[in-house]
Amino acid sequence: TPTLYYHSLATLSGTPTLYFYSLDTLSGTPTLYFYSLDTLSGTPTLYFYSLATLLKTPTLYFYSLATLLKTPTLYFYSLATLVETPTLYFYSLATLVETPTLYFYSLATLLKTPTLYFYSLATLVETPTLYFYSLATLVETPDLYFYSLATLLKTPTLYFYSLATLVETPTLYFYSLATLVETPTLYFYSLATLVETPTLYFYSLATLVETPTLYFYSLATLVETPTLYFYSLATLLETTTLYFYSLDTLLKTPTLYFYSLATLVETPTLYFYSLATLVETPTLYFYSLATLVETPTLYFYSLATLVETPTLYFYSLATLVETPTLYFYSLATLLETTTLYFYSLATLLETTTLYFYSLATLLETPSLYFHPLTTLSVLVLIPNLQKEMEKQAGYRSSRKRRSEFQYDYEVYHPLEEIRSWMFEMNRTHPHLVDLFSIGRSYEGRPLHVLKLGNRKRPNKKAVWIDCGVHAREWIGPAFCQWFVKEAVNSYQHDSSMRRLMNQLDFYIMPVFNVDGYHYSWKTDRFWRKTRSRNAKYHCRGVDANRNWKVKWCDEGASLHPCDDTYCGPFPESEPEVKAVARFLRKHRKHVKAYISIHAYAQMLLYPYSYKYATIPNFNCVETAAQNAVSALYSAYGVRYRYGPASTTLYVSSGSSIDWAYKNGIPYAFAFELRDTGYYGFLLPEALIGPTCTETMRAVRAIASGLLKKCTS
């Protein structure tokens, strides 16, 4: 065992490697020595280095070192150095960090071919144009990039654009584009731009589209003579006025165009219209139009609008229809002098006495009415009208304020007396009467309402009754007062009235239109509307029965502030209407009947007013109306017509009964009390009692019907 010698010698000399060296030599395995030396010195790479030297494979050392240091790229770097292929290192590094372009970059650097990098990057990000861009940069040929991009996008003109930019010849692009899209004029446009001759484009385009005037337009633009274009176009179209239009534009004389056009179309008023616009005199147009259509009143209408004198229109209309009284009617409405209307009516009907009556009323000279007219047949409806008016208006010195027990219900009372009476009724009958205000009128007067009924029973069905919507209808407020008097005075001894008061509440508004009613006492007995002012016209007031928000200002209502049926500037514009509407909306769950008292016609009306149609609960309402009219007839045999307002009286929009019905009040009625025209609004005080007595029966019949369920 020869190795025993080496082992013992190694042990003796304290050199352990001697054993391995001898073992190496003995076994013909030289690397064993290096392995043992590695292990002894704690340098593992020594083994790999010696093995690499023995096998003549230098990279083996680097591979072992790379493995030991956990740096894989070290192997690739050493291998690349050994085979003199530097890119091998980059390739291995690129593979390791997953960045493929790193290899291409290193290869491009090695071969001194920069575009190789761009080519590889373009391939990687799927952007082929990147290669062309890099190649173009390398060979300093910028248009190469555009050519490649144009090829890729199938847009041939892109190449021409780039080439044009390169050689500083902009028209080249236009020429190529023109060739491509088969639009020859495009070339001319580009050439015109290049040589700064704008008209060249227009000339070429004009030639192409066979429109010679186009050349003139371009030439006119060039020489700053705008009319040249219009002249040429006018010649081509054989429209002479076109030249005038251009000329007046140049000379800043706008009317020249209108004059020429008016001449061409044989419409002379066109000139006047343009002149009116120029001199800011609008009526000039209306004058010319009136002359053309042979309607002279048109001029007056426009002038009336301009100077805010509405009667001027009526005057012209009266002249046109040969009805002179129309002017007087409009003037009477404007001046709030009702008797002026009678004068015009007298003229129209050739009833001379009517003139004396109106003149007597106007001059407050009653005797003038009795002017001797021996040759005329005179029908005197009211023997002394002036006396009757004075009597109703309170020219009795004996009339003074009195207590409720002395209050005369068979005379008409002014607003102040009615208001005092309401407070007195509230004071003397607190268990049945409650007084409150629901708002204020246009002129600031309180809008008082009386609530009648047994207060011990809350949440009852209710009936609303308003009177005096139209100021001149004095019988209305008289009835409301009569109703309150009858209700409270008969409560103790009349079982049917007591039943109504116990099971129903009655809201009574004796004077709805307080301002108008007061005015009818102080100034104009025949005043109808409220007293609100209008911004444009000095005519005052709105018809309170055309101002409700239901088919507002449609048929049967007027938009003119001077008309008696003026609907107002907007729905519920009047404080009185708005206050009542607000109250009824608030209490509509309880209010089952709405009754409005008017005069005159002897009718009982219900919806619809604004259209010819049947309401859904027609049978119930019709039955209630029939019962009411029968009860009324039973008093004095006075006959009332009843039915829908639209068919029984006339169509009107914005009425209170339509509004009440629309807002959920199932029974909505409007009474037109006595008479049928003999006295009209001047119903004598002697008829207050009979009228109120019979109407009381009708209202009680309607109220009693609410206590029964209608099944029809």
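Note that the structure is predicted; figures quoted are calculated from it, not measured.

1. Re the overall build of the protein
Consideration 1: What the protein contains, in helices and strands, is 36 helices and eight strands.
Consideration 2: Here the protein holds 712 residues, and 42% of them are scored as buried.
Consideration 3: Pairs at least 24 apart in sequence give 54% of the contacts found in the protein among residues at least 6 apart.
Consideration 4: Summing over all exposed atoms, the protein offers an accessible surface of approximately 38200 Å²; the carbon and sulfur share of this is 60%.

2. A look at the state of the cysteines
Consideration 1: Applying the stated criterion across every chain, the model contains four disulfides.
Consideration 2: Cys 467 shares a disulfide with Cys 480; S-S distance 2.0 Å. Across the S-S bond linking Cys 467 and Cys 480, the dihedral sits near 80 degrees, which makes this disulfide right-handed. Note that Cys 467 is positioned in strand S3 (residues 461-467) and Cys 480 in helix H29 (residues 475-489), a separation of 13 residues in sequence.

3. Here we look at the sheet that holds strand S7 (residues 641-644)
Consideration 1: Strand order in the open sheet made by the eight strands is S1-S2-S4-S3-S5-S8-S6-S7, with mixed pairing throughout. Each edge of the sheet is formed by a strand with only one pairing partner; in this case those strands are strand S1 (433-440) and S7. If you compare each strand with its neighbour and ignore which way they point, the axes differ by 20 degrees on average.
Consideration 2: Here strand S2 (residues 446-452) runs beside strand S4 (residues 504-509); their pairing, made up of three bridges, is antiparallel.

4. Re the pairing of S4
Consideration 1: In terms of residue burial, S4 counts as a mostly covered element, since six of its six residues are buried.
Consideration 2: The side-chain alternation of S4 yields two buried faces, one formed by Leu 504, Phe 506 and Ile 508 and the other by Asp 505, Tyr 507 and Met 509.
Consideration 3: As paired strands, S3 and S4 are joined by six bridges and run parallel to one another. Looking at the pairing, Ala 462 lines up with Asp 505 of S4.

5. Observations regarding the pattern of salt bridges
Consideration 1: Applying the stated criterion across every chain, the model contains 14 salt bridges.
Consideration 2: Put simply, Lys 451 and Asp 505 hold a salt bridge, and the shortest N to O gap is 3.9 Å. Here Lys 451, found in strand S2, pairs with Asp 505, found in strand S4; they are 54 residues apart in sequence, far enough to count as distant.
Consideration 3: Residue Lys 451 is classed as partly exposed on the basis of its relative accessible area, which comes to 28%.
Consideration 4: With relative accessibility at 8%, the residue Asp 505 sits in the buried group.
Consideration 5: The salt bridge partner of Arg 674 is Glu 694, with a shortest N-O separation of 2.7 Å. Taken together, the residues span a long stretch of sequence, with Arg 674 in the loop between strand S8 (667-673) and helix H36 (688-706) and Glu 694 in helix H36 at a distance of 20 residues. Taken as a pair, Arg 674 and Glu 694 share a single burial class, namely buried.

6. A closer look at the pairing of strand S5 (residues 591-599)
Consideration 1: Among the nine residues of S5, eight are classified as buried, and the element is accordingly described as predominantly covered.
Consideration 2: Bridge analysis of S3 against S5 gives six bridges, and the strand direction is parallel. Among the inter-strand pairings, Val 463 is bridged to a residue of S5, identified as Ala 593.
Consideration 3: Both S5 and S8 contribute to a ladder of seven bridges, which runs parallel. When the sheet's bridge partners are listed, Ile 595 is paired in S8 with Phe 669.

7. Structural notes on a positive patch on the surface
Consideration 1: On the surface, Lys 549, Lys 578, Arg 582 and Lys 662 cluster together into a positively charged patch.
Consideration 2: One can find Arg 582 in helix H32 (residues 575-586).

8. Details of the confidence of the model for the protein
Consideration 1: Summarising the model, the protein shows a mean pLDDT of 81, and 75% of its residues fall at 70 or more.
Consideration 2: In the model, residues 370-376 has pLDDT below 50 throughout and makes six contacts with residues more than four positions away in sequence or in other chains.
Consideration 3: Per-residue pLDDT stays below 50 along residues 400-404; that stretch engages in nine contacts with residues further than four places along the chain or on separate chains.

9. Considering the nonpolar core
Consideration 1: Membership of the largest hydrophobic core comes to 98 residues, with the highest contact counts inside it found for Trp 464, Ile 465, Phe 506 and Phe 671.
Consideration 2: The element that contributes the greatest number of residues to this core is H29, accounting for nine residues.
Consideration 3: Apart from residues lying up to four places away in sequence, Ile 465 is in contact with Cys 480, Phe 483, Tyr 507, Ile 508, Met 509, Ile 595, Ile 597 and Val 699.

10. A closer look at helix H31 (residues 514-522)
Consideration 1: Among the nine residues that make up H31, eight are buried, leaving the element largely enclosed by the rest of the structure.
Consideration 2: Every buried residue of H31 is listed here: Val 514, Asp 515, Gly 516, Tyr 517, His 518, Tyr 519, Ser 520 and Trp 521.

11. Notes on unusual backbone geometry
Consideration 1: Put simply, Ala 599 and Tyr 600 share a cis peptide bond, and its omega is 5 degrees.
Consideration 2: By secondary structure assignment, the location of Tyr 600 is in the loop between S5 and strand S6 (603-606).
Consideration 3: Across the junction of Pro 607 and Tyr 608, the peptide omega takes the value 5 degrees, indicating a cis bond.
Consideration 4: Backbone geometry places Glu 98, a non-glycine residue, at a positive phi of 55 degrees.
Consideration 5: Take Glu 98: it is sitting in the loop between helix H7 (87-97) and helix H8 (101-111).
Consideration 6: Relative accessible area serves as the criterion here: at 70%, Glu 98 is assigned to the exposed category.

12. Describing the packing of aromatic side chains
Consideration 1: Scanning all chains against the criterion turns up 23 aromatic pairs.
Consideration 2: Measuring from ring centre to ring centre gives 5.3 Å for Tyr 519 and Trp 527, while their planes differ by 70 degrees; the resulting arrangement is edge-to-face. Accessibility classification places Tyr 519 together with Trp 527 in one group, the buried group.
Consideration 3: Members of the aromatic cluster, each reached through a chain of ring pairs, are Tyr 412, Trp 474, Tyr 517 and Trp 521.
Consideration 4: Here Lys 485 stacks its cationic end above the ring of Trp 482, 3.6 Å away from the centre of that ring.

13. Details of the packing of helix H33 (residues 618-636) against H36
Consideration 1: Here H33 crosses H36 at 150 degrees, and the two axes come no closer than 8 Å. Taken together, the axes of H33 and H36 lie roughly antiparallel to each other. H33 and H36 meet at a crossing whose hand is right-handed. Within the contact between the two elements, H33 uses Ala 624, Asn 627, Ala 628, Ala 631, Leu 632, Ser 634, Ala 635 and Tyr 636 and H36 uses Pro 690, Thr 693, Glu 694, Thr 695, Arg 697, Ala 698, Ala 701 and Ile 702.
Consideration 2: Looking at side-chain class alone, the contact of H33 with H36 contains 10 nonpolar, four polar and two charged residues.

Rules of the game
- Residues numbered from 1 in each chain as written.
- Predicted model: local features only at pLDDT ≥ 70, side-chain atom pairs only at ≥ 80, totals over all residues.
- Heavy atoms only, no water.
- Helix = DSSP H or I, 4+ residues; strand = E, 2+ residues; numbered from the N terminus.
- Buried < 20%, exposed > 50% of the residue type's maximum accessible area, 1.4 Å probe, protein only.
- Contact = heavy atoms within 4.5 Å.
- Areas by Shrake-Rupley, 256 points an atom, 1.4 Å probe, with all protein chains shown as cover.
- Disulfide = S-S within 2.5 Å.
- Pairing = 2+ DSSP bridges.
- Axes fitted to C-alpha atoms, helices over the stretch in contact; angles between N-to-C directions.
- Salt bridge = Lys/Arg side-chain N within 4 Å of Asp/Glu carboxyl O.
- Patch = residues over 30% accessible without salt bridge, like charges linked within 9 Å, V, L, I, M, F, W, Y side chains within 5 Å.
- Lys, Arg positive; Asp, Glu negative; His and termini not counted.
- Charge placed at Lys NZ, Arg CZ, Asp CG, Glu CD.
- pLDDT = per-residue confidence, 0-100.
- Core = buried A, V, L, I, M, F, W, Y, C linked by side-chain atoms within 4.5 Å.
- Phe/Tyr/Trp six-rings, centres within 6.5 Å; stacked < 30°, edge-to-face > 60°.
- Lys NZ or Arg CZ within 6 Å of the ring centre and 35° of its normal.
- Parallel < 35°, antiparallel > 145°, perpendicular 65-115°, else oblique.
- Left-handed = near helix turned anticlockwise from the far one by under 90°.
- Nonpolar A, V, L, I, M, F, W, Y, C, P; charged D, E, K, R; others polar.

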